[in-house]
Every structure is written in C-alpha cells, then in structure tokens.
Amino acid sequence: MAGSRIAKVALAGVSLASINTTLHAQTADPQTAAVQSAGTVNVSVPAGSLESGLLGLGRQTNLRMVYRSNLTAGKRTAGVSGQMTPPQAVRQLLAGTGLSAAFTTANTVQVYDPSAPVDVGALPSGAIPLPTISVTGQGEGTAEHGYRVETAKTTGPWGNKPILDTPYSINATSSELMQNRIVGSNDELFKFNPMVQLTRPTSAFGAPTVMIRGLDQTTASGFVLDGVPVRYSWLGGGMEDMERIEVLSGLSGFLYGANNVGGMVNYVTKRPTVTPLFNFTVGNYGGSQYFEHLDLGGPLDKEGKFAYRFNALYQDGNDAIGVGQRRANFSGAVDWNVTDSLKVSITAAHDDYRRTGTGGVGISFSTPGPIPSAKDFDNTRPLTPNWGFNYLKQDRVGANVQWDIDDETTLRAAALYLKETRFSSSPQPMGVLANGTYSFQAFRVFGPESNINGGYLYVDRKFDTFGIRHKVTFGTNFSGYDQYTFQNPPGASGTFPTLAAALNSAPLVFNSVYPFPGHRAVNFKNTNIVLGDDITLNRYFSILVGANRATIETYNYNTTGATTAAYDKSAVTPSASLIFKPTSNVSLYGTYIESLESGGTVSLTNIPPYTNAGAVLPATISKQVEVGAKANVGGVFLTLAAFQIDKANLYDTANPDGTLTRNQDGRQIHKGIELTATGKVTDDLTIMGGGYYLDPEVTKTNNAALLGKEPQRVSRWRGSLWGEYRLPFLKTLFLTGGVSYVGSSYVDALNTILVPSYTVGDVGLRYETAVNGTPVVMRLNVQNVADNHYWVNGSVLYQGLPRTYSFSATAKF
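Residues numbered from 1 in each chain as written. Predicted model: local features only at pLDDT ≥ 70, side-chain atom pairs only at ≥ 80, totals over all residues. Heavy atoms only, no water.

K.L.:
Pulling in residues and values, what's your account of the overall build of the chain?
P.N.:
Counting its regular elements, the chain contains 7 helices and 53 strands. With 813 residues in all, the chain has 59% of them scored as buried. Residue pairs at least 24 apart in sequence account for 66% of intrachain contacts in the chain once pairs closer than 6 positions are excluded. Carbon and sulfur atoms provide 59% of the accessible area of the chain, an area that totals close to 30,800 Å². (Helix = DSSP H or I, 4+ residues; strand = E, 2+ residues; numbered from the N terminus. Buried < 20%, exposed > 50% of the residue type's maximum accessible area, 1.4 Å probe, protein only. Contact = heavy atoms within 4.5 Å. Areas by Shrake-Rupley, 256 points an atom, 1.4 Å probe, with all protein chains shown as cover.)

K.L.:
Can you tell me about the packing of aromatic side chains, naming the residues and giving the values?
P.N.:
Applying the stated criterion across every chain yields a total of 16 aromatic pairs. For the pair F223 and Y267, a centre-to-centre distance of 5.6 Å together with 85° between the ring planes defines the contact as edge-to-face. Taken together, the positions of F223 in strand β19 (residues 223–225) and Y267 in strand β22 (residues 263–269) put the pair 44 residues apart, joining distant regions of the chain. For the pair formed by F223 and Y267, the shared burial category is buried. Note on W387 and F440: the rings are 6.4 Å apart at their centroids and 45° apart in plane angle, and the pair reads as tilted. One end of the pair, W387, is in the loop between β28 (363–365) and β29 (389–406); the other, F440, is in strand β32 (residues 438–465), with 53 residues separating them in the sequence. Accessibility expressed as a relative area gives 16% for W387, which makes it buried. Accessibility expressed as a relative area gives 1% for F440, which makes it buried. Lying over the aromatic face of Y391, R354 brings its terminal NZ or CZ to 4.1 Å of the ring centre. (Phe/Tyr/Trp six-rings, centres within 6.5 Å; stacked < 30°, edge-to-face > 60°. Lys NZ or Arg CZ within 6 Å of the ring centre and 35° of its normal.)

K.L.:
Kindly report on the nonpolar core, identifying the contributing residues and their values.
P.N.:
The nonpolar side chains of a soluble globular protein tend to be buried with one another. Of all hydrophobic cores here, the largest spans 72 residues; its most connected members are F190, I245 and Y267. I245 has contacts with N171, A172, T173, M178, L189, M239, V265, N266 and Y267, leaving out every residue within four places of it along the chain. Core analysis: the second largest hydrophobic core is formed by 24 residues, M430, Y438, A442 and L503 among them. (Core = buried A, V, L, I, M, F, W, Y, C linked by side-chain atoms within 4.5 Å.)

K.L.:
So what's going on with the sheet that holds β22? Residues and values would help.
P.N.:
Strand order in the open sheet made by the 5 strands is β15-β21-β22-β19-β20, with mixed pairing throughout. Both edges of this open sheet fall to β15 (169–174) and β20 (228–230), since each of them pairs with a single strand only. Taking each pair of neighbouring strands and ignoring which way they run, the sheet shows an average axis angle of 25°. By the bridge criterion, 6 bridges tie β15 to strand β21 (residues 242–249) in an arrangement that is antiparallel. Residue pairing across strands places A172 opposite E246, the latter belonging to β21. (Pairing = 2+ DSSP bridges. Axes fitted to C-alpha atoms, helices over the stretch in contact; angles between N-to-C directions.)

K.L.:
Go over the packing of helix α1 (residues 50–61) against helix α2 (residues 86–94) with me, naming the residues and quoting the values.
P.N.:
Contact geometry for α1 and α2: axes closest at 11 Å, N-to-C directions at 170°. The angle between the axes of α1 and α2 places the two elements in the roughly antiparallel class. Residue-level inspection shows L50, G53, L54, L57 and T61 of α1 in contact with α2, the latter providing P86, A89, V90, L93 and L94. Residues that form the contact of α1 with α2 fall into these classes: 8 nonpolar, 2 polar and no charged. (Parallel < 35°, antiparallel > 145°, perpendicular 65-115°, else oblique. Nonpolar A, V, L, I, M, F, W, Y, C, P; charged D, E, K, R; others polar.)

K.L.:
Provide a residue-level description of α2, including the pertinent values.
P.N.:
Here α2 lies mainly inside the structure; 7 of its 9 residues are buried. Among the residues making up α2, those that are buried are P86, P87, A89, V90, Q92, L93 and L94. At the C-terminal side of α2, G96 shows a positive phi close to 85°.

K.L.:
Could you give an account of the environment of V344, with specific residues and numbers?
P.N.:
The topology assignment puts V344 in strand β27 (residues 342–356). When near neighbours in sequence (up to four residues on either side) are disregarded, V344 contacts V334, D335, W336, V338, N400 and V401.

K.L.:
Give me the lowdown on the pairing of strand β43 (residues 660–680), citing residues and values where you can.
P.N.:
Across 19 bridges, strand β42 (residues 635–654) lies against β43 in antiparallel orientation. Counted as the bridge partner of V636 is G679 from β43. Two strands pair when backbone bridges link them, and β43 and strand β44 (residues 685–700) are joined in this way by 14 bridges, in the antiparallel orientation. Looking at the pairing, K671 lines up with D695 of β44.

K.L.:
I'd like a description of α1, backed by residues and values.
P.N.:
With 12 residues, α1 extends 16 Å from end C-alpha to end C-alpha; this agrees with the ideal 16 Å at 1.5 Å per step. Considered for burial, the residues of α1 that qualify are L50, G53, L54, G56, L57, G58 and T61. Taken together, the buried residues of α1 touch β5 (41–45), β6 (48–49), β7 (64–68), β8 (76–77), α2 and β11 (108–112). One or two residues past the end of α1 sits N62, with phi positive at roughly 60°. (Expected span 1.5 Å × (residues − 1).)

K.L.:
Go over the pairing of strand β46 (residues 733–742), please, and point to the residues and values.
P.N.:
In terms of burial, β46 is a largely internal element, 7 of the 10 residues being buried. Taking the residues that link successive antiparallel strands as the turn, the strand β45 (residues 717–726)-β46 hairpin has 6 residues. Pairing analysis gives 10 bridges linking β46 to strand β49 (residues 758–771), with the strands arranged antiparallel. Note that in β49 the partner of V742 across the bridge is Y758.

K.L.:
An account of the side chain of S806 is requested, with residue identities and associated values reported.
P.N.:
Structurally, the position occupied by S806 is in strand β53 (residues 804–812). When its relative accessible area of 0% is taken as the criterion, S806 is described as buried. Polar side-chain contacts of S806 include one of 3.5 Å to the side chain of Q783. The residues contacting S806, other than those within four sequence positions of it, are I182, N284, Y285, G286, R779, L780, N781 and Q783. (Polar contact = N/O pair within 3.5 Å; in protein donor to acceptor, adjacent residues only side chain to side chain.)

In structure tokens:
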C-alpha cells in the first residue's frame, strides 16, 4: 500500500530487521504499466520534499522505493522531468541530496546513505548501485535548499564526502547564491564569507589576496581548481562559470601538498547537465559595468552518453571608482559516459581581462603612529593617476577520468594546464613620505608568461577486516609552473608636493629600452605521494589516517639560463582524524595535520615590488591541531571549530620608497575559534553567517623587537551575516542584505601602525516571476549602503569601494 510504514522488509533474501528504525515503501499505481529499466518513460516530479518526490517517482515508473524512514528528513529534491529510463530518473531525483540508490530487483530500488555503515551493510550482495550525479543549480546550494552545500569537493584523496562527515572546516558558496548576490569578483564573493579576510582587492592586481585563519592565501601561492592543485596564477577571474566556491580553513598538507597553511580555496566549475539548460542574464556590476552572461547545458545524444555545459560572459565599462574593466570569458565542458562504470570529462576556458586606469592600488605611510582617516580621501576615484593599464590573459584545458573498475575499486585521475600572459604599465602604491610629500614608482611590464600544470591519480580500494570497513587510497597529486620573464624598461619615479598633484600627474617617462626575448626565470614543482585509509569502525566512529611524502623543487635562472638559486626539500607529513557521530545529523571530530611549507621564491611581479625579488626562502614544517562539531538543525547547518597552527614567521617590511622586503624569521602561533550557520531558519528566512576570533603571536624570532607581536595584517575579529526574507504576502519577492565586519590590524611587523576596523552593509531585492511562461528572476543590490570610508590592510592600504548599485535579470528558457 502506497506510503505504508513497515517494520521489516526482505530484499533478495537479506533481512533488514536489524536496522532499528522503520522503513518506508512506495509502490506503483496499479493502473500504471510496468516499465522495465531498459525502457524509457516520461516523468514529471516537481521540486519539493524528497519524501514526496520518491513517492511520485515510484508511482510514475512502477518502481518500489525502499529506505529508512528518517533518511529523507529535511532533504529536498529539485525534481525531475522528461523522457528517460527509470535509473536515470532515480539518479536525477537524488542529485544533490547526498544519497545513493541501488536496484535490488528489476523493479525495487533501495535508497541509502553511502556514508552510513547501517545502510551500506544492508545492501544485498546482488544489488546494482547507480552512480551518483551532480546537477548544477539543483538540490543542494539552491535558494530552495537554503543555499546549503552538503557534499564537499575539497577533500583531495578522500574524494567527495558529505561535509558533515569531514574532519575539516569547510564553507561553501553556491552558484545560485553568487548569482542572487550579483557577485562579479572574488572581492564580493569573500565579503560575506565569515572565514575569509580580504587583504588586497581584485582591482589592485587582477587577483585577490585573502587571509584564512590569519594566514595569506593568494592565487599566486596556490588554489584548487576542480580538485587539482594550482600553484600560480595572476588572474582572479570571474565567478560566472563556477558551480561553487569552497573554502577549506586550515592546513591541507595531506589533501593537496605543500603551502597554503591558512587554508585552501577550491573553485568548482559548472558541470554538464542531464536535462536541457538555457539561462541568459544581463546586468550591471556597478558604475557602468554592464554585462551579458549565457549559460547553456544539456544532453548531446538520446542515449545520454554525452552532455555539455557552455558559459560565455562579456563585461565592459567603468567601475564605481571610474576604472575601466573589460572581461571576456568562454568556458565549456563535455562529459562522456563511456560505460556505466567509466566517465571522461573535458574542460576548456579562455579569459581576457583588461583594465584601463589603475584602480585599487593603495597608499603607504612611512611614519609610525595613527594613519590618516579614510574619510580624508575621495573613495570615488583611485589613489593613482589614471594613465595606467593592466592586461591579463589565461587559457586553460583539463581532463578528468573516473573508472569504477569493480564494486570495490575505483580509479580517479585528472590533469590541468593553464597558460597566462600579462602586460601592464602600472603606477605603484602611493607613498606618503616623512616630509609630507607624495611619491610613487611606475613599471612597464611586457609579459611575463607562466605555464602552469597540475593533476592527480588515485586508486581507491574498499575491503573489510574483522568487520571493520576500509577504503584505502593510494596515489599522487602534483602542481608546478614555469615562469618566463622579459627584460623590461627600468622603472620611473616621481615626487609631488600634494596628493592632487600626484594623482593628476602626466605619465612618467620610461627609459626607451625595448623588451628582449623572454627567458625561463622560475621553475617550481610540488609532488606528493599519498596513502590514506578511511576506516569505518561502526555506525558511530570513523577514522581518517594518512601520510603524504611531499617534495618541493624550486629553481631560479638568469638570462643566460644559469641557475642562480635552488632547493629540493622532501618531508613526510602525517594526518589523523577521529569522527564521532552520536546521531545521523551531528558529528564531532578531532584532527592533527602537518604540512610542508615552501618559503617560496619572492615574487618577481608583485605590486608593489620586493627589493629581494627572486630570492628563494627555505622550506619549513607547519602543524595544526583542530577539534570541531557540526550539526544539521532543522534546515540550518551549523559548524564550530577550535584550532592552533604553528608555522614559520613570514613578514614584509615596507620601505620609504614604496617597495617591500620579504623576511622569514622564527615561528608564529595562531589560536582561534570559528563558527558558521547556513540554511533556512524558517520557510521564508534564509541566513548565511558566522565569524571567528584569532589570537596570533610571534613566539620565536632572532629580532627581539618582534617577539610577542601580532603578525601584520591579521584581524583578531571577523564576522558576517547575510540573509534573505521571502515576504509572506508576496511569495515571489525577497528582501536581501547583510553586514560584514573586519577587525583592526597592524600594517607593520612592529605593531606601530594600526588600521581601524570597518563594517560594510548591503541591501537588496529579488523578484521571481514569469514572462510568457518563461521564468524570470530580477535582482537589485546596493553595496556599502551607508557609503562608509575604510581602509583594507594589505601592508599598503587599499580604499574600500563607495556605495555601489548593481542589478541583473535572468531568463530561464
């Protein structure tokens, strides 16, 4: 009987009576003709609760659905519609729920949680599991789901795992949330991420710099793209072709190898869809930055073996401070389901970013004491002359393979290649000298070019020993780059009596030296050999234990090709975690992890430049201890973590001429606590917020003046809260907005120049309607609604953007 509760169900001779919970079974409408799995049927199941979705699909496909009664609690489905086979319909219905399904008979489907031993152990030996699928814009991460992302794609060798079951702090932002907030850059993306502190805006260089747990994380030091580590990039890029952005807080040594001690950002690109997708968006990111964005996807054949995704963006105009921003992005992906057990994915993209008028470049003050108030400066124009330009171009191609060799063995592999080129003529940060005059340098850069690569190869093997379930992973991941630089004209400089004179200056005159052919200047490689075991002890306890043999190789070359500096450092870095799940919606964990950290090559292209550019700093070992808790409470996902990081002390010294010097000396310890909340408080109210408190301190140094000081640029306090409220009397109108707070921090390592805290608030609206049957979403957002003047601390100071109006409209054909 449809919807009946039964205490015991026997499938293929296997009793489920040992499961201490009731089971639901939905049987088909007897009037519906039986549909065999090899045939196709037209299904139409609307978005809603997963419970009702399973019931509806069972009736339409003549399938009997079996699952634990509490398995679907709080879960929603994006629905499924179209002509497809029953297995395809089941897979799509479950997409984004974190659940899987297996056919136990021709017309019986058992739905289960792949991370729950009680479910996996109850599967009959003859069951045929269906591969899980991820459908962008459906299920998790959607507004209907409270923007909750439940499955992490940031856990490296462990593969995709429910965030609830990971012993790490992970915060994710979905594509639908980015679109509804009208996010066009990393700056806006991170503004309401409570785990991230922005220290250099995208407009300053094309790529942002942020801090996670008080430690630098930049696109130059490394990030992750679709699970592949990438060690160098100048281009921050747009968000339009991203499915989600995941921020992993803390060490990632076992997961992705060396560096990024504070955390790692994983950019997950949009994937092909199993149903047709045609979305077109027009809008404005602020000022006169109008844009058009096309998002297409769907199957390429009737059998469903091929599917595609294509995104195109064009943006042009001046931003809120009058700086020209032009972006063109084209990206595509194709999935090929070679067999039911073998899937191949190909991706490619082209990014072209041009900036005219140098915006976002900061200002530095050479004397200790209070810095001038940001209110004393005009925040509607950049703190540099308007004759600069910056041009960045990136091309990338990648491939991914997943092969389920048998029921217990899986091979996962991926490779990625990027090529980037940069041309610029850029004024450097304005320096305020001790005598009150203003000075800046300018550099003309032809190139450099970077060839960037990364990839991984893992083999997973599942087996049991004495009733204990193991999933052992062995493999490697790697990343590296070759950087080619050109001989450029020497920099020019100028000193001016007033700020107005400096800002209105004519272009500085460069020496008439033309660039010579480039030479290979830097070669960097990070290779990691990993071995890990995901151990399920019982329904309550699991262990993740592993080790990584990490190797860093760095070589610097002069124009003749001779090696000027090099090192080759290897270390075995362990990782161990214990996870306790007292209930299915709560987890407690403790983690110890180490990471090899390269001192790195001091950047040759940084703005402002380093006086010791090209120097290779020695590698060190960083360590982290973390304990935390996670819980699904109603429709809200809560996380809490406490941690301590012990790492090498790295700091920059600002020089009177506006340049920097990179130093490495001693150790620093970062202790902290962080919490987040994401999801639906009620059916009409959604929130995303949290914050952290840090206690950072330099604990060892040869410079007595630095002992006990706070590392520079680190804010002790950080918090943000963003939300949307659907009006009860008009269910298609949403009020949106949020507030972001960044605490005070020191500019210098001696803690003599303090940058004040700042708070920024946004307000907005979203209206959902239909025009001639086509769903349309219209959005309006006002950034920095109070027009607060503030400094962003990145060793030099960057002005925060003024009040900015942005809007967009999306048609979903």
